Amino acid sequence: LGNCNNLVTYNPQEDFLKLIMCGDGTALGFRFGIPLYGTWVWNLKDHIDRKFMDLFDVKNLPVLTKEDGKDDGNDCYSNSYDTSQYDAVVEKPPQLDAEHAGKLLLRTDDDVD
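This structure is a prediction, so every number in the text was calculated from the model and none was measured.

Brief notes about the sheet that holds strand E2 (residues 27-31)
So, step 1. Read from one edge to the other, the open sheet built from three strands follows the order E1-E2-E3, with strand pairing classed as antiparallel. Among the strands making up the open sheet, the edge pair consists of strand E1 (18-21) and strand E3 (34-38). Strand-to-strand twist across the sheet, computed as the mean angle between neighbouring axes with direction ignored, equals 15°.
So, step 2. Relative to E3, E2 is paired through five bridges, and the arrangement is antiparallel. Within E3, the residue paired with Phe 30 across the bridge is Pro 35.
So, step 3. In the packing of helix H1 (residues 39-54) onto the sheet, contacts are made with E1, E2 and E3, and the angle to E1 comes to roughly 105°.

About the thresholds
Residues numbered from 1 in each chain as written. Predicted model: local features only at pLDDT ≥ 70, side-chain atom pairs only at ≥ 80, totals over all residues. Heavy atoms only, no water. Pairing = 2+ DSSP bridges. Helix = DSSP H or I, 4+ residues; strand = E, 2+ residues; numbered from the N terminus. Axes fitted to C-alpha atoms, helices over the stretch in contact; angles between N-to-C directions. Contact = heavy atoms within 4.5 Å.

Quick look at the structure:
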């Protein structure tokens, strides 16, 4: 994590690999204006997605501790995450009867600008 006061400007790349799964075991991709298609593109996207999700596996997460063991007022280091936004108890809305649910499903956004 380092020192939170030394932020680095983010400079995004101009082009990037765009991959979309088609749902039938194939995928469509574009890079440098070149179209890509097929099961090999699906396999590539699946591999990239799985490697990304592996980053969040508990065994791969870093242990967050203060470097020097003292509280210097710097919020860059923390021994725990603030999960309060995820822990809120939300009451479920009442279940709709079939007629009311059907009317809601028929609504459109045609008149929305």
